[in-house]
Amino acid sequence: FLTKFPASRCNLGKEQLLTLLLKFSLRYSECNPQYNLSQDIVYNICCSLMLLGYDFKHPLIKNKMSKREFIRNTRDLTPGVTNDYLGHMYDNVCLIGPVV
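Just so we're clear, the structure is a prediction, and the values are computed from it rather than from any experiment. (Residues numbered from 1 in each chain as written. Predicted model: local features only at pLDDT ≥ 70, side-chain atom pairs only at ≥ 80, totals over all residues. Heavy atoms only, no water.)

Some thoughts on the packing of helix α2 (residues 39-57) against helix α4 (residues 83-96)
Between two packed helices, what matters for the description is the angle formed by their axes and the separation of those axes. For clarity, the threshold we go by: Fitting a line to C-alpha atoms yields each axis, with helices limited to the stretch in contact; the angle taken between N-to-C directions then spans 0 to 180 degrees. Helix and strand definitions here come from DSSP, where helices need a minimum of 4 consecutive H or I residues and strands a minimum of 2 consecutive E residues; each element is numbered from the N-terminal end. Handedness of a crossing follows from how the near helix is turned relative to the far one, being left-handed for an anticlockwise turn of less than a right angle and right-handed for a clockwise one. Should any heavy atoms of two residues lie within 4.5 Å, those residues are counted as being in contact. Any residue outside Ala, Val, Leu, Ile, Met, Phe, Trp, Tyr, Cys, Pro, Asp, Glu, Lys and Arg is labelled polar, Gly included; the first ten of those are nonpolar and the last four are charged.
Running from N to C, α2 and α4 cross one another at 35°; their axes reach a closest spacing of 10 Å. Once α2 is placed against α4, the crossing between them reads as right-handed. Residues I45, L49, L52, G53 and F56 of α2 lie in contact with α4, whose contacting residues are Y85, M89, Y90, V93 and C94. Classifying every residue of the contact of α2 with α4 by side-chain character gives 9 nonpolar, 1 polar and no charged.

Side note on the environment of Y43
Formally: Each residue is assigned to one of three classes by its accessible area relative to the maximum for its type, calculated with a 1.4 Å probe on protein chains only: buried under 20%, partly exposed between the two thresholds, exposed over 50%.
By the secondary structure assignment, Y43 is in helix α2. Taking relative accessible area as the criterion, Y43 reaches 18% and is therefore assigned buried. For the pair formed by Y43 and S29, sequence separation is 14 residues and the distance between their alpha carbons is 9.7 Å.

Digging into the side chain of S48
Looking at where S48 falls in the secondary structure, it is placed in helix α2. Every residue in contact with S48, bar those within four places of it in the chain, is listed here: F70 and T74.

With respect to the packing of helix α1 (residues 14-31) against α2
Filter applied, for reference: In this scheme, roughly parallel covers angles under 35 degrees and roughly antiparallel covers those over 145, while 65 to 115 is roughly perpendicular and the rest are oblique.
Across the interface, α1 lies against α2 with an axial gap of 8 Å and an inter-helix angle of 130°. In terms of axis orientation, α1 runs oblique to α2. As for how α1 packs across α2, the hand of that crossing is right-handed. Contacts from L17, L18, L21, L22, F24, S25, L26, Y28 and S29 of α1 reach α2 at Q39, V42, Y43, C46, C47 and M50. Each residue belonging to the contact of α1 with α2 can be placed in one class, and the counts come to 12 nonpolar, 3 polar and no charged.

Looking at α1
Every α-helix winds through 3.6 residues per turn, so residues three or four apart in the chain are directed the same way. Note the following rule: A helix is expected to span 1.5 Å for every residue after the first. When we speak of the arc, we mean the arc of directions from the helix axis to the C-beta atoms.
For α1, spanning 18 residues, the distance from its first C-alpha to its last is 26 Å, which sits close to the expected 26 Å at 1.5 Å a residue. Considered for burial, the residues of α1 that qualify are L17, L21, S25 and S29. Buried residues along α1 cover an arc of 85° about the axis, so they all sit on one side. Across from the buried face of α1, at angles greater than 90 degrees, the exposed residues are E15, K23 and R27.

Points about the state of the cysteines
Keep this limit in mind: Any two cysteine sulfur atoms lying within 2.5 Å of each other are counted as a disulfide.
The final tally for this structure, using the stated rule, is 0 disulfides. C46 provides the cysteine sulfur closest to C47, a residue in no disulfide bond, and the two sulfurs are 6.8 Å apart. The class for C47 is buried, based on a relative accessible area of 9%.

Listed below in structure tokens is the structure:
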């Protein structure tokens, strides 16, 4: 995944981005036990959202990912996360815009 991500735009090396994602996912899962999300699930959600943001933002990608495609692509990587939750994340990226 990280070999294809344009980390240079973030002024981060791929190793720094990987470390950031790993530390964030660990900290998020520790500080939010009420959501019952493991570090791996949070990491996978972050990667999926980064790809979605890149998909929306990149001018050469003509066929943008649909909500259904995002949920289908992310669902198997995030056991225990509902389709509604993933749909809300998709909507947030659509309405607020990508962070990438």
